Amino acid sequence: MYLKTGVTPSASGSAYLEIETSAKPGVSGMKLSCSVHGPRALPRSAPFSPHVVLSTHVKYAPFATTQRRGYLRDPSERDLGIHLEAALRGAIIADRWPKSGVDIIISIVEGDQDRETSRSQGDEVWDMMNALSGCITVAAAALADAGIDCVDTVAGGVAALVQAAGDDSKPSIVVDPIPSEHEKILAACCIAYLPTRDEVTNLWFRGDLPASELELYTHMVEKGILASRNANRVLIDCLRETVE
Amino acid sequence: MASSQHVLLSPAELAYLHDSLSLTPPIRPDGRSPAQFRPLVAETGILPGTNGSARICFADGTEAIVGVKAEVERTAQRAGDDTVYLEGGEGDEEDVEDGEAREGEDKRKGDSAWVEMTVEIPGLRDDDSGTAFLAAMLSEALLADGEFAKRLWINRRFHWKLYLDIILISPPLSYPLPLLSLTTHLALLSTRLPRLKSEGDEDPFFDDDWAAAPYLFPRTPTTTTTIATTARPPITLLVMAVGNNIIFDPSKEELAVADVALAVSVTGSTAAPHADDAEPEPGRSLRLLSIRTIDPPSRLTPPGVANAANSAYGAAGTQKMLEAATAEVEAVEGVWKAPRGGAKRVVLGALVQKVLERGGVVDEVLDALEGVDLG
């Protein structure tokens, strides 16, 4: 994981994140770039807001995934934007900037996908979770770079319940899953976590779990928090480096 | 976004509401118990031109219509395990043998692209992120287990493409998620697809007798595995926590003081009672499909000002202004402050557990929806 802040001079805060998944050729990892504009005054026509108005844009570059994306944001990208907004809204101390707005723009330069294997069913959905956790981490770094007050640095983490090849093997929980490496993903969750406050600002779970196995769900959340703690360590190191 | 629409409540009203909802037991503004739903009116089969439709009207005046339309579509062929190559005689024979060997196996496949869901909410732009979020949440629940898309399989060359159009016909007086989800559930229950007459991988040919058309979700138990089960479409519930209380189906005002709000999608399948079953499973077994955090609009509410910091109140005017830091951090009893930060994981766990409780709200809602006449 490689994180650098202050890459876009014209923005008030920016960050660049690269996540390397494996040494396998053909798998490139994920590359994200985030810029934060603001806080700046809202247009005169906007209604009064006692808090900072957050707007988030997440966009895959047209060439980021195996299937080409258009230039307009499609529903899945809008969906990612809302998830990101929920994750960040909990972290920002919004009432210090009344009547102002902050724009957070993330472009996913390269999505994390295996180009060698043929597209298997439902893979994009699990890729979206990985993308979201990257988005949360990079946006937190850019917010810190922009000097916007937050209660804590928020970071994203993913955990998944996977089943290895063979029908009768017991499902296991992995941290930071790579969808193409596993035979079947039963469930996954993406968590945005504030380590010092021990709070979760965003939780996105998807999968198929019987209600009787609620411990499995609890374990997944724990693992997701673990993953986000790891991401947070990188984030803190990067910010400390910038300060020194 | 629909959930973050401004609520016209003053800080004092918000503080009052928050306090009364954190009492044990909580006192809700409309007198409901914490796990009680708003009363609703439901009917199905209202649109004759669709494969299935439903309308639900909540007591607060919000109303939604869902229409389900199905079209036959050619399945895009991808080279894979089950591709039949027409050239090469030896391969053909092998395939025949292979096909016989796998007779009992479930050959049906599904693709999430076979379901298209659109949500329309009056007063919101078509490209609003909020509606995209709602549509993604509802279709995610539907497709999470991968079983639903398999129902749309006709043969190896064709499938049904299902269009679910959800329209809220009243202004969004409360966060419309539970309403839309329940209406979709009913519409899917009433959906029927024409009975297939052709066999194998032929071009599909259907029975034109609508009365013979089977339901997408059959009434009678189907034996898929060892136990006979009747699967049901998922429902998505909105749950919120205030203090230590867990409140179901919050209204707009209640959501405005939520500490945390979750949308939890569950599905229930009833196991038919077997005569010679070793352990007859009572009731239905629930499955957790998806959870999403809803950004609670409480984060956007205006904060109150304590008397001590308010120069309009006599004595305070003579006092020195409070330090900015203390004014911001210290919570004063009865003065509203928008919640900051996230939710403790214990709270999140409790919310999910409460939803999945046996004999809880989900059972109640599913039972009630079961009672709707499907016409």
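Residues numbered from 1 in each chain as written. Chains lettered and ligands numbered in written order. Predicted model: local features only at pLDDT ≥ 70, side-chain atom pairs only at ≥ 80, totals over all residues. Heavy atoms only, no water.

Naming follows an unreviewed UniProt entry, where chain B appears as Ribosomal RNA-processing protein 42 of Staphylotrichum longicolle. The record held by UniProt for chain B lists under Sequence similarities (unreviewed entry) the comment "Belongs to the RNase PH family." (UniProt positions renumbered as here; feature names shortened; annotations may be inferred.)

As annotated in an unreviewed UniProt entry, chain A is 3'-5'-exoribonuclease from Staphylotrichum longicolle. Of the comments in the UniProt record for chain A, the one headed Sequence similarities (unreviewed entry) reads "Belongs to the RNase PH family."

(A) Seen up close, the pairing of strand β3 (residues 63-74) of chain B. All names here are of chain B. In this sheet, β3 lies alongside strand β2 (residues 52-58) in antiparallel orientation, the contact comprising 6 bridges. By the bridge assignment for β3, R55 is matched with I65. As judged from the 11 bridges shared by β3 and strand β5 (residues 158-168), these two strands associate in the antiparallel manner. Bridge pairing links V68 to L164 in β5. (Pairing = 2+ DSSP bridges. Helix = DSSP H or I, 4+ residues; strand = E, 2+ residues; numbered from the N terminus.)

(B) Structural view of the sheet that holds strand β5 (residues 100-110) of chain A. All names here are of chain A. The mixed open sheet is built from 5 strands, whose spatial order is β1-β2-β3-β5-β4. Each having just a single partner strand, β1 (2-5) and β4 (53-60) make up the two edges of the open sheet. The average angle at which neighbouring strand axes cross in this sheet is 15°, direction not considered. Those strands touched by helix α1 (residues 75-89) are β4 and β5, and its axis lies near 140° from that of β4. (Axes fitted to C-alpha atoms, helices over the stretch in contact; angles between N-to-C directions. Contact = heavy atoms within 4.5 Å.)

(C) Molecular detail of the packing of α1(A) against helix α3 (residues 129-143) of chain B. Axis separation between α1(A) and α3(B) bottoms out at 8 Å; the angle between their running directions is 100°. With respect to α3(B), the axis of α1(A) lies roughly perpendicular. Contact with α1(A), carried on its side by P75(A), R78(A), D79(A), I82(A) and H83(A), involves S129(B), G130(B), A132(B), F133(B) and A136(B) of α3(B) and no other residues of that element. Grouping the constituent residues of the contact of α1(A) with α3(B) by class yields 5 nonpolar, 3 polar and 2 charged. (Parallel < 35°, antiparallel > 145°, perpendicular 65-115°, else oblique. Nonpolar A, V, L, I, M, F, W, Y, C, P; charged D, E, K, R; others polar.)

(D) Just the confidence of the model for chain B, in detail. Residue and element names in this part refer to chain B. Taken over all residues, the pLDDT of chain B has a mean of 78, while the share at 70 or more is 77%. A low-confidence stretch, residues 87-105 stays under pLDDT 50, and its non-local contacts, those more than four residues away or across chains, total 7 contacts. Throughout residues 273-280 the model reports pLDDT below 50, and contacts reaching past four residues in sequence, or to other chains, amount to 4 contacts. Per the prediction output, this complex has pTM 0.86; the corresponding ipTM is 0.86. (pLDDT = per-residue confidence, 0-100.)

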